[in-house]
Amino acid sequence: MSATASSHDSLLELPLRDWRAPEAAALSAQALRALEQGQVLHFPHLGFALSPEERVLLDPKYTDPKRKNISLTPKGLAGTVAAGAARERVQGILQRYLDSTSALLDALFPGYRDARHGPATSLRLHAIGTWHPSWRKDDRLLHVDAFPSRPLHGERILRVFTNINPNGEPRTWRVGEPFETAARRYLPAMSKPWRPWLAGLMHRVGITKQRRTEYDHLMLQMHDAMKRDAHYQQQGDWAQVDFMPGSTWVCFSDQVSHAAMSGQFMLEQTWQLPLTALSYAELAPVRVLEKLKGRGLLAA
Ligand code: SIN
Ligand code: FE
């Protein structure tokens, strides 16, 4: 069994059909290198089956109107107005997706197993373009992920996505240029100074869950600078990819420039991963930004 480079070199196609991935050992080294280099791993034949009763829940009306997604974290289920049996079924979908994606990650990336933490599973029922209160939250614009309220201190955002659209509609993404190329372009725009006292204040009053480091501050600016760059959004070096229903894709979304252009109904699994679990840590966004800045960015 082998992997194939796809038409665009930002994707690596892997032929797995089973979440437990019995053939993962043969693909693991190649998959790990591609993932950490900033490629998207694409599993065209890895779908997530829903029962007829579960399929009824593929309707935006089950999402809390104030929230973008339904989510499951160790704190429980959030973001849904489903009650009773429907609520249990929603939770069942999310739990099963957490279990399936964990099996896949453990098979492919055994070195991440004990390190990944902070799981969040989400069920996205809204059609892309129908829920974005501001340009900053509009994921149709290319960006790298950074969380305003959850500073990561250089840790990675590892995400698994599966298109569960029942009507054959793809989830269409744009995937952009390598992280270092984007970072070099936007560094001049990332000029808002980092103020340690302000980072401390934001943490004390609860705006952020931890103190922002200069790295977190830069990543948020990069996210915004990319989304504001209308020229790059129109004419930049990106490739458009259709992720069909019944397919899965995995990437470090803090590293891969991405935009979700259209589609509806997706499951997504997020993990946080420390730098120490990486095999090619020098390619991590924090290390790349430190190289370009010529200094450490994780000091408190
Ligand atoms: C994003 O992470 O920017 C959005 C991904 C998606 O909804 O497909
Ligand atoms: Fe994103």
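Look above for the structure.
Below you will find a few notes about this structure. (Residues numbered from 1 in each chain as written. Chains lettered and ligands numbered in written order. Predicted model: local features only at pLDDT ≥ 70, side-chain atom pairs only at ≥ 80, totals over all residues. Heavy atoms only, no water.)

**Here's the deal with the coordination of the iron ion (ligand 2)**
Here the iron ion (ligand 2) is held by H143 (NE2), D145 (OD) and H258 (NE2), and the distances to it run 2.1 to 2.2 Å. In the primary structure, the donors to the iron ion (ligand 2) are separated according to the pattern H-x1-D-x112-H. Here H258 lies in strand β11 (residues 258-262) and D145 lies in the loop between β6 (117-124) and β7 (156-163), a separation of 113 residues in the sequence. Residue class for D145 comes out buried when judged on its relative accessible area of 9%. (Donors = N, O, S within 2.8 Å, 3.2 Å for Na, K, Ca; no water. Helix = DSSP H or I, 4+ residues; strand = E, 2+ residues; numbered from the N terminus. Buried < 20%, exposed > 50% of the residue type's maximum accessible area, 1.4 Å probe, protein only.)

**Details of the packing of helix α6 (residues 214-228) against helix α8 (residues 285-293)**
It is the contact of α6 with α8, at a shortest axis distance of 11 Å, that shows an interaxial angle of 95 degrees. One finds that α6 runs roughly perpendicular with respect to α8. Where α6 approaches α8, its residues Y215, L218 and M219 are matched on the opposing element by P285, V286, L289 and K293. Residue composition of the contact of α6 with α8, grouped by class: six nonpolar, no polar and one charged. (Axes fitted to C-alpha atoms, helices over the stretch in contact; angles between N-to-C directions. Parallel < 35°, antiparallel > 145°, perpendicular 65-115°, else oblique. Contact = heavy atoms within 4.5 Å. Nonpolar A, V, L, I, M, F, W, Y, C, P; charged D, E, K, R; others polar.)

**Notes on the pattern of salt bridges**
On inspection of all chains with the given rule, the structure shows 17 salt bridges. Residue D254 is joined to R156 by a salt bridge in which the shortest nitrogen-to-oxygen separation is 2.8 Å. Here D254 is found in the loop between β10 (248-252) and β11, whereas its partner R156 is found in strand β7, with 98 residues between them in sequence. Given a relative accessible area of 1%, D254 falls into the buried group. (Salt bridge = Lys/Arg side-chain N within 4 Å of Asp/Glu carboxyl O.)

**Some words on the sheet that holds β11**
Strand order in the open sheet formed by three strands is β9-β8-β11, and the pairing between neighbours is antiparallel. Looking along the sheet, the strands with just one partner apiece sit at the ends: β9 (239-243) and β11. Averaged over all neighbouring strand pairs, the angle between strand axes comes to 30 degrees, with direction disregarded. Across four bridges, strand β8 (residues 171-175) lies against β11 in antiparallel orientation. Bridging from a neighbouring strand, T172 pairs with S262 of β11. (Pairing = 2+ DSSP bridges.)

**Section: the pairing of β6**
A regular strand places its side chains on the two faces of the sheet in alternate fashion. In terms of burial, β6 is largely enclosed, as six of its eight residues are buried. As paired elements, strand β4 (residues 70-73) and β6 share three bridges and run antiparallel to each other. By the bridge assignment, S71 is partnered in β6 with S122. In this structure, β6 lies alongside strand β12 (residues 266-273), joined through six bridges in antiparallel fashion. When the bridges of β12 are listed, R124 appears paired with M266.

**Remarks on the packing of aromatic side chains**
Counted by the stated rule, this structure contains 11 aromatic pairs. Look at W173 and W249: their rings are 5.7 Å apart centre to centre, the planes differ by 90 degrees, and that puts the pair in the edge-to-face class. Placement of W173 in strand β8 and of W249 in strand β10 is noted, with a sequence separation of 76 residues between them. W249 carries the same exposure label as W173, and that label is buried. Aromatic ring contacts, followed pair by pair, group F161, W173, F243 and W249 into a single cluster. (Phe/Tyr/Trp six-rings, centres within 6.5 Å; stacked < 30°, edge-to-face > 60°.)

Coordinates in, geometry out; function isn't part of it.
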